[in-house]
Amino acid sequence: MKLLIRMRKPTLLISALLAVASAVHAALPALDMDLMQTIEDTNKSMASHIAGSDAAGSLKDAQELHELFGAVEAHYVGKGDAVDGVELSRKSLQLTKKIIEQVGGKDFTGASESATDLSRTCRACHTFYKQS
Ligand code: HEC
């Protein structure tokens with residue numbers, strides 16, 4: 001039983017590597033970089049508001065991020081062939097929604113964890129669509 005639990009992580013890692021290997025690195029028309037810069041600034045602002053247990057500030061930033069990721073999702077849905085982009089923007093939508101709920105319930109520890117997951121999602125998408 002213990003072995004089985006230990007086996008799960010490498011298996012996950014292997015599937016993640018396979019997913020990266022099979023990703024289509026097609027030259028997508030550029031995503032609006034002003035939008036990404038706004039996402040970057042809002043994400044930083046949200047992190048400091050969550051760290052400071054500022055419910056109103058965190059809520060405003062999380063709602064703004066949620067809307068911005070709606071635009072990112074629309075961009076990738078519009079591409080038609082960007083499965084990873086669609087999936088990762090939907091994950092960002094789910095995480096920002098979760099943060100809105102957690103901040104609403106004054107769960108700043110949970111919100112902070114979700115914000116960490118969100119930052120991982122940023123990096124995952126940048127790895128998929130990095131312009132070379
Ligand atoms: C679904 C995909 C996706 C997600 C999710 C995503 N990004 Fe991006 N982002 C991109 C793409 C594509 C680029 C352009 C990458 C490149 O040129 O290498 C980019 C570029 C950027 C840039 C560079 C902007 C510039 O002016 O050059 C920043 C900063 C950035 N993202 C921040 C973030 C942050 C912070 C998050 C998460 C809160 C995030 N992004 C989530 C797709 C995404």
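### Brief notes about the overall build of the protein chain
In step 1: Summing up its helical and strand segments, the protein chain has five helices and zero strands in all.
In step 2: Counted from the first residue to the last, the protein chain has its helices and strands arranged as α-α-α-α-α.
In step 3: Counting all 132 residues of the protein chain, 33% fall into the buried class.
In step 4: Within the protein chain, contacts between residues separated by at least 24 positions form 67% of all contacts whose residues are at least 6 apart in sequence.
In step 5: Element-wise, carbon and sulfur atoms account for 60% of the exposed surface of the protein chain, whose accessible area totals about 8600 Å².

### Regarding the nonpolar core
In step 1: Counting residues in each nonpolar core, the largest one holds 26 residues, and the members touching the most others are I39, M46, V72, Y76 and I99.
In step 2: Looking at this core, the elements that each hand over two or more residues are α2 (33-51), α3 (55-79), α4 (83-104) and α5 (108-129).
In step 3: With seven residues, the top contributor of residues to this core is α5.
In step 4: The residues touching V72, leaving out its near neighbours within four places in the chain, are L31, L35, M36, I39 and S89.

### Describing the packing of aromatic side chains
In step 1: This structure, assessed with the given rule, holds two aromatic pairs.
In step 2: Three or more aromatic residues joined by ring pairs form one cluster here, namely Y76, F128 and Y129.

### With respect to the pattern of salt bridges
In step 1: Applying the stated criterion across every chain yields a total of four salt bridges.
In step 2: The salt bridge involving E73 is made with R90; its shortest N-O contact spans 2.5 Å. With E73 in helix α3 and R90 in helix α4, this pair connects stretches of sequence that are 17 residues apart.
In step 3: Of the residues examined, R90 reaches a relative accessible area of 40% and is grouped as partly exposed.

### Describing unusual backbone geometry
In step 1: Located in the positive-phi region is S53, a residue other than glycine, with phi close to 50°.
In step 2: For S53, the position within the fold is in the loop between α2 and α3.
In step 3: S53 gets classed as partly exposed once you look at its relative accessible area, which sits at 43%.
In step 4: In this structure, K106 is a non-glycine residue whose phi angle is positive, near 55°.
In step 5: Of note, K106 is situated in the loop between α4 and α5.
In step 6: Note on K106: relative accessible area 57%, which makes it exposed.

### Focus on the site of the ligand
In step 1: Surrounding the ligand, one finds 19 residues, the nearest of these being M36, C122, C125, H126 and Q131.
In step 2: Separating a nitrogen atom of the ligand from a side-chain N or O atom of H126 is a distance of 2.8 Å.
In step 3: Residue assignment for the shell around the ligand shows that the elements contributing at least two residues are α2, α3, α4 and α5.
In step 4: Counting residues per element, the shell around the ligand draws most heavily on α2, at six residues.
In step 5: Of the residues that constitute the shell around the ligand, the class distribution is ten nonpolar, seven polar and two charged.

Conventions adopted
Every chain is numbered independently, its residues counted from 1 as its sequence is written. For a predicted model such as this one, the threshold for reporting local features is a pLDDT of at least 70, and the threshold for listing and counting side-chain atom pairs is 80 or more; totals across whole chains, interfaces and linings nevertheless cover every residue. Water and hydrogen atoms play no part in the side-chain values, which are based on all heavy atoms of the structure. In DSSP terms, a helix is any run of H or I states spanning at least four residues, a strand is any run of E spanning at least two, and both are numbered starting from the N terminus. Exposure classes here rest on a 1.4 Å probe applied to the protein chains alone. A residue is buried below 20% of its type maximum, exposed above 50%, and partly exposed in between. Residue contacts are defined here by distance: any two heavy atoms, one from each residue, within 4.5 Å place the two residues in contact. The protein chains shown are the only cover counted for residues, whose accessible areas, like all others here, come from Shrake-Rupley with a 1.4 Å probe. Residues grouped as a nonpolar core are buried Ala, Val, Leu, Ile, Met, Phe, Trp, Tyr and Cys residues, joined through side-chain atoms within 4.5 Å. A pair of Phe, Tyr and Trp rings is counted when the ring centres sit within 6.5 Å of each other, with Trp represented by its six-membered ring. The angle between the planes then sorts it: under 30 degrees is stacked, over 60 is edge-to-face, the rest tilted. Every case where a carboxyl oxygen of Asp or Glu lies within 4 Å of a side-chain nitrogen of Lys or Arg is listed as a salt bridge. Think of it this way: one heavy atom of a residue within 4 Å of a molecule or strand is enough to make that residue near it. For this analysis, a polar contact is any N or O atom pair within 3.5 Å, provided that within protein one partner can donate a hydrogen and the other can accept it, and provided that sequence-adjacent residues contribute only side-chain to side-chain pairs. In this count, Pro and Cys sit with the nonpolar residues alongside Ala, Val, Leu, Ile, Met, Phe, Trp and Tyr, while Asp, Glu, Lys and Arg are called charged and the others, Gly among them, polar.

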